[in-house]
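# Residue-level structure breakdown
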Amino acid sequence: MNKENYQLSREDWKLSKIFRYQLLAIACCILAIAFSVPAVAVAPLQPISVNQLQASELESIAFDAQIWGENGKPGDRELLLKSIDNSLRYLNTSAAASAYSRYPVAGVTRDRVRRSLDRFRQLVVSSTTPAQLQESVKREFVFYKSTGKDGKGTVAFTGYFEPTYAASRTPNSEYRYPLYRMPPNMASWPKPHPTRLDLEGADALQASKGLLRGLELVWLRDRFQAFLVHVQGSARLQLTDGSVMTVGFAGKTSHSYTGVGRELVKDGKFTLEELNLPKLREYFTTFPADMDKYLPKNQSFVFFRDTNGVPATGSIGVPVTAERSIATDKALMPPGALALISTKLPYPNAAGQLEQNAVNRYVLDQDTGGAIKGAGRVDVFMGTGDLAGDRAGYINSTGELYYPLLK
């Protein structure tokens, strides 16, 4: 989804956090406003033989009860299998062959990744319990562990999602804030490109007078929502004529992403511990004029295209799946590969409030993002809509990232 960084999430919200065209990073579509962690000066992945781990450690990294259901909630085995099939489809492309020809970790090849996915899929289909799958994986696979942001395996997790907003194909007094198509002559623009402030003005209403005139794709009624589509990289839009439009990442200017939440923290509006997406929404609802000051601080500007209703799509060109797709730095991590994350994700409790639950989840590495840099960042795709957005905005945890590959 080549999301800008669907992140109002880590960097910004202490998400102390992380994939492109739609999801892009969709990604999401909304929310993570984020931060970058420098890559460590070591190989991004290190092999770990499961036979050398203590039993307690193996339980920690190889257990995924969500496939069959846990805590009274149904399982998502079919979604996992579908996500695996999406990665297998990618791995059979020339794009995958090209990506793996440059992959820097010895022993991690396209053929091995593909065979590992095939075998893991067979095990998911044939296994009837988490323990049975765990024992098979322990016997047949070796784990490659991300070195993390500190060289010791510590990974910062954030979330992203695909937002759903009201929009109009034509502007009026209610729908005033456009998303823009990619300028056809952008390749000839001198660098550095114009900033967000240069392109749309402090109030986000001046672009029709300048370089972006006539490139309006669709109009939103909420300025902050339009900004969040830039952050997430894609959106599902409920149009005034009753139809649904999906938009995805088409390109961006040369400027790097800056987390607006982080700028608010710098100015003492919040602490990092307090900041999350709902809090940020509340702030700009209470102080809408402050958007003129803070939103232009993210100088990067994203362009969109009509994706004709296709699902949120990751940077490798396949749909992303809620809680089964992640975004990582594709210069370091194997595209399309099976991964295992060990971290905390938010779930609604009986009172409807979000609380953090420890999870060990098999996922597919199918996306990336502008703020997802280094071996210590992972962005988890949380799905589409408001609840997915709220959950994505609350992901602010550390954990571990593993890639299981056949021995």
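Here, every reference points to the structure presented above.
Residues numbered from 1 in each chain as written. Predicted model: local features only at pLDDT ≥ 70, side-chain atom pairs only at ≥ 80, totals over all residues. Heavy atoms only, no water.

## Considering the environment of Thr154
Locating Thr154 in the fold gives a position in the loop between strand E4 (141–146) and strand E5 (155–162). Here Thr154 falls in the partly exposed class, since its relative accessible area comes to 24%. Separated by 246 residues in the primary sequence, Thr154 and Glu400 have C-alpha atoms spaced 5.9 Å apart. Setting aside chain neighbours within four positions, we find Thr154 in contact with Thr147, Gly148, Lys149, Gly376, Thr398 and Gly399. Among the polar contacts listed, one links the side chain of Thr154 to the side chain of Asp150, at a separation of 2.8 Å. (Helix = DSSP H or I, 4+ residues; strand = E, 2+ residues; numbered from the N terminus. Buried < 20%, exposed > 50% of the residue type's maximum accessible area, 1.4 Å probe, protein only. Contact = heavy atoms within 4.5 Å. Polar contact = N/O pair within 3.5 Å; in protein donor to acceptor, adjacent residues only side chain to side chain.)

## Let's talk about unusual backbone geometry
For the bond running from Lys191 to Pro192, omega is 0°, close enough to zero to count as cis. Tracing the backbone shows Pro192 in the loop between strand E7 (177–180) and helix H6 (196–200). With a phi close to 65°, Glu323 is a non-glycine residue in the positive phi region. Relative to the elements of secondary structure, Glu323 occurs in the loop between strand E11 (302–306) and strand E12 (325–327). Under the relative-accessibility criterion, Glu323 is labelled buried at 12%.

## Brief notes about the pattern of salt bridges
The full count for this structure, using the stated rule, is 18 salt bridges. The salt bridge partner of Arg114 is Asp111, with a shortest N-O separation of 3.9 Å. Taken together, the residues Arg114 and Asp111, both in helix H4 (residues 110–126) and three residues apart, mark about one turn of the helix. For Arg114, a relative accessible area of 21% puts it in the partly exposed group. For Glu140, the salt bridge is made with Arg119, and the minimal N-O distance between the two is 2.8 Å. One end of the pair, Glu140, is in helix H5 (residues 130–140); the other, Arg119, is in helix H4, with 21 residues separating them in the sequence. One network of salt bridges, in which partners are shared, links Asp64, Asp76, Glu323, Arg324, Arg361 and Arg391. (Salt bridge = Lys/Arg side-chain N within 4 Å of Asp/Glu carboxyl O.)

## Brief notes about empty space enclosed by the protein
In this structure, the largest cavity spans a volume of roughly 110 Å³. In terms of lining, the largest cavity is formed by Tyr177, Pro178, Leu179, Arg196, Glu200, Ala204, Arg223, Ala226, Phe227, His230, Leu295 and Phe301. The element contributing the most residues to the lining of the largest cavity is helix H7 (residues 223–232), with four residues. Among the residues making up the lining of the largest cavity, the classes are represented as eight nonpolar, one polar and three charged. (1 Å grid on protein atoms, 1.4 Å probe; cavity = no way out; pocket = protein on both sides within 12 Å on 5 of 7 lines; lining within 4 Å. Points joined across faces, edges and corners; volume = space filled by probe spheres on them. Nonpolar A, V, L, I, M, F, W, Y, C, P; charged D, E, K, R; others polar.)

## Focus: the layout of surface pockets
Looking at the largest pocket, its volume works out to about 220 Å³. Together, 17 residues line the largest pocket, and Asp222, Phe224, Gln225, Arg281 and Thr285 are the ones closest to its centre. Residue assignment for the lining of the largest pocket shows that the elements contributing at least two residues are strand E6 (164–168), H7, helix H9 (277–286) and helix H11 (386–393). Taken together, the residues that form the lining of the largest pocket break down as nine nonpolar, four polar and four charged.

## Points about the sheet that holds strand E8 (residues 216–220)
Spatially, E7-E8-E6-E9-E10-E11 is the arrangement adopted by the six strands of the open sheet, whose pairing is mixed. Across the chains shown, the open sheet's two edge strands, defined by having one partner strand only, are E7 and E11. Averaged over all adjacent pairs, the angle separating strand axes in this sheet is 45°, with direction ignored. The sheet contact formed by E6 and E8 spans two bridges and is antiparallel. What sits directly across from Ala167, in E8, is Leu220. Sheet strands touched by H7: E6, E7, E8, strand E9 (234–239), strand E10 (244–252) and E11. Its angle to E7, the strand with the most contacts, is close to 20°. (Pairing = 2+ DSSP bridges. Axes fitted to C-alpha atoms, helices over the stretch in contact; angles between N-to-C directions.)

## Overview of the packing of aromatic side chains
Two measures describe an aromatic ring pair: the distance that separates the ring centres and the angle between the ring planes. Tallied over the full model, the rule gives eleven aromatic pairs. Considering the side-chain rings of Tyr283 and Phe287, the 5.0 Å spacing of their centres and the 45° angle between planes classify their relative orientation as tilted. Phe287 gets classed as partly exposed once you look at its relative accessible area, which sits at 43%. Here a set of aromatic residues connected by ring pairs shows up, and it is made of Phe224, Phe227, Phe270, Tyr283, Phe284 and Phe287. Seen from the ring of Tyr347, Arg391 lies directly overhead, with NZ or CZ sitting 4.4 Å from the centre. (Phe/Tyr/Trp six-rings, centres within 6.5 Å; stacked < 30°, edge-to-face > 60°. Lys NZ or Arg CZ within 6 Å of the ring centre and 35° of its normal.)

## Observations concerning the nonpolar core
Core analysis: the largest hydrophobic core is formed by 92 residues, its most contacted members being Phe120, Leu237 and Phe284. Setting aside anything within four residues of it in sequence, one finds Leu237 in contact with Tyr165, Ala167, Val218, Leu220, Ser243, Val244, Met245 and Val247. In this structure, Met186, Trp189, Leu212 and Phe303 belong to the second largest nonpolar core, which totals nine residues. (Core = buried A, V, L, I, M, F, W, Y, C linked by side-chain atoms within 4.5 Å.)

## Notes on helix H3 (residues 94–101)
Listed in full, the buried residues belonging to H3 are Ala96, Ala99 and Tyr100. Around the axis of H3, the buried residues are gathered within 90° of arc, so they sit on the same side. The outward face of H3, more than 90 degrees from its buried face, is lined by the exposed residues Ser94 and Ser101. (Arc of directions from axis to C-beta.)

## Some details on the pairing of strand E14 (residues 354–367)
Here E12 runs beside E14; their pairing, made up of three bridges, is parallel. Bridge pairing links Ser325 to Leu364 in E14. The pairing of strand E13 (residues 338–348) with E14 spans eleven bridges and is antiparallel. The partner of Ser342 across the bridge, within E14, is Asn360. Adjacent in sequence and paired antiparallel, E13 and E14 are bridged by five residues, among which Gly352 carries a positive phi angle near 85°.

Take it as geometry only, folks, not as evidence of what the structure does.
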